[in-house]
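# An overview of the molecular structure
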Amino acid sequence: MQDAGTASLFPMPDCYGFVLEEATIDQMQLAMTQGRLTSQQLVLCYLQRIHQTNVYIDVLMQLNPDVMEIAAKLDAERRDGKVRGRLHGIPFMVKDNIATEDKMETTAGSWALLGNIVPRDAFVVARLRQAGAVLFGKATLSEWADMRSNNYSEGYSPRGGQCRSPYNLTVNPGGSSSGSASAVGANAMAFTLGTETDGSVINPAERNAVVGIKPTVGLTSRAGVIPESEHQDSVGIFARTVRDATYVLDVIYGIDSRDNYTSAQQGKTPKGGYAQFLTTKDALKNSTFGLPWKSFWALADAEQQQKLVELVKLIESAGATIINGTELPDFQTIVSPNGWNWDFGTTRGFPNESEFTVVKVDFYNNIRTYLSELKNTNIRSLEDIVQYNFDNDGSEGGNPWPLGNPAFFSGQDSFLASLATKGIRDATYFQALSFCQRSTREGGIDAALRYDGKQLSGLLVPPDVGQTYQIAAQAGYPMVTVPAGTHSNTGMPFGLAIMQTAFAEAELVRWASAIEDLQMSTQTPLRRTLPRWFGYQQRNIPINNL
């Protein structure tokens, strides 16, 4: 109790003499190469950490019963001189909407899909297995990746319970990839995968003081991922360093015949992968960043503004050129002044300019396609899911509170909105799709990146302002966030993010790694710090949306 409110409240268990807390993938690999650590021991150490913390933060949905067998096989390969790559023997988790053809479930946190049998590993999972990474288990999430409700408890699912941030267990942990981010933030996993339709990688990453990379739509295959919108879904990465996240990105990106959107990356990805672009603070001398102040920065709270401006000044002192006022030309139309709102077009009176107009139609069609490949389930359509939720109201919250489940205050209103479309791609749908993409691409991010005839290195933005990742989501463009400090009143972290154009992940890796190196070499407090476990004895549902 004397350690309450400090990082010492949940001290890391000993890991056979290896310091696992904040350990990087390179450090783990070196220890295994030198024979000081095995993959099996690494799994056991993370299992200890999960046992110590999961009852509080609820990040693990399901442990892979084969994890020790997998680690043993990879240890044997290492003893025989075969090391598959940088991820050989490294444990990881995936969000519970990413399919694994093994003894684990893939349910998006819903009881409705319990027992279903997927046809194959998701493409990204297959890639990680081939690279020698050790699948530890499934991470918790906001049920159905936040598609089901408009007013809900972020990080909650009926199967997984309420995921919480180790920084403050009473407030919104970020989502929908909540468990993926919290696990890495709590040093309970080396790295994890999550998915994003609109913010579900960047938001939980920055709220758990970890690095989050949300790739361009089409860089990472969505095959085998429970879908939301084919136009915006992307598989992303959580890690404690940019280097670690980049190692994972190098394994999971690529063209996949089961996801035709990945064909767009042809000729747009670097030969040899993205790790070659990792750099140091010295690279900042050749950088020029824009600050879209009116578009995004003005919407951040005062403390974040003050601390992030301090960090920007540090970046400037390292040689970067900072240009304020690099606005998105259409920001007054496309950026909600009142927080994240994926139906902002409809709020303005123009459903044919709304992201949700597109997403609710896409979901109806995309989920039917995904369900059609499953075995051992009667759930085949959105109609079936909605009915299941009504039939199991107490657990699944089909009806709004005070009926149903307090975690789903508005019931399943987003599902019902999607159901009402019947998946019909009408004129309003196509107008909305065209508007959202045009206004956020050439009328948005691309225009802001071109300043005075020159291309900027990136747009620096405060990702705790949800409208940042919302614009990137509609464009299908990539983002990266790095930890940048914590709020004094809640203890919750926030990040500094970089926005870029399509398939510009090399630029994101270059500049995010340079900024991270600057943070670490100067030991500024505006960087990743350990969680302090505020509110660790509280169990509020719904979570406080602060």
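Computed from a predicted structure; not experimentally measured.

### Observations regarding the packing of helix α4 (residues 123-130) against helix α7 (residues 242-252)
Running from N to C, α4 and α7 point in directions that differ by 110°, and their axes come no closer than 8 Å. With respect to their mutual orientation, α4 and α7 come out roughly perpendicular. Residues F123, V124, R127 and L128 of α4 form the contact with α7, whose own contacting residues are V248, V251 and I252. Its residues placed into classes, the contact of α4 with α7 shows 6 nonpolar, no polar and 1 charged.

### With respect to a nonpolar patch on the surface
A surface patch of nonpolar side chains, amounting to about 310 Å² of accessible area, comprises Y16, L44, L47 and L63. Note on placement: L47 falls in helix α2 (residues 39-57). Classification of L47 as partly exposed rests on a relative accessible area of 31%.

### A look at the packing of aromatic side chains
Summed over the entire model, instances satisfying the criterion amount to 14 aromatic pairs. Ring centres of W340 and W342 lie 5.5 Å apart, and the angle between their planes is 35°; on these two criteria the pair is classed as tilted. Connected via pairs of aromatic rings, a cluster forms that spans F10, Y56, W533 and Y536. Over the aromatic face of W511 sits the side chain of R510, whose NZ or CZ is 5.8 Å from the ring centroid.

### Let's talk about unusual backbone geometry
Excluding glycine, residues mostly have negative phi values, and the peptide bonds linking residues are mostly trans. Note the cis peptide between G175 and S176, where omega equals 15°. Locating S176 in the fold gives a position in the loop between β5 (161-162) and α5 (178-185). For the bond from W401 to P402, the omega torsion is 20°, close enough to zero to count as cis. Within the element layout of this structure, P402 appears in the loop between α13 (393-396) and α14 (413-421).

### Brief notes about the nonpolar core
In this structure, L20, L128, F191, L193, L284, I315 and L460 are the most contacted members of the largest nonpolar core, which totals 100 residues. When residues of this core are assigned to their parent elements, the largest contribution, 8 residues, is made by helix α17 (residues 505-522). Judged by nonpolar contacts, the second largest core, of 23 residues, contains W144, I226, L374 and I385.

Here is what the cut-offs are and how they apply
Residues numbered from 1 in each chain as written. Predicted model: local features only at pLDDT ≥ 70, side-chain atom pairs only at ≥ 80, totals over all residues. Heavy atoms only, no water. Axes fitted to C-alpha atoms, helices over the stretch in contact; angles between N-to-C directions. Helix = DSSP H or I, 4+ residues; strand = E, 2+ residues; numbered from the N terminus. Parallel < 35°, antiparallel > 145°, perpendicular 65-115°, else oblique. Contact = heavy atoms within 4.5 Å. Nonpolar A, V, L, I, M, F, W, Y, C, P; charged D, E, K, R; others polar. Patch = residues over 30% accessible without salt bridge, like charges linked within 9 Å, V, L, I, M, F, W, Y side chains within 5 Å. Areas by Shrake-Rupley, 256 points an atom, 1.4 Å probe, with all protein chains shown as cover. Salt bridge = Lys/Arg side-chain N within 4 Å of Asp/Glu carboxyl O. Buried < 20%, exposed > 50% of the residue type's maximum accessible area, 1.4 Å probe, protein only. Phe/Tyr/Trp six-rings, centres within 6.5 Å; stacked < 30°, edge-to-face > 60°. Lys NZ or Arg CZ within 6 Å of the ring centre and 35° of its normal. Core = buried A, V, L, I, M, F, W, Y, C linked by side-chain atoms within 4.5 Å.

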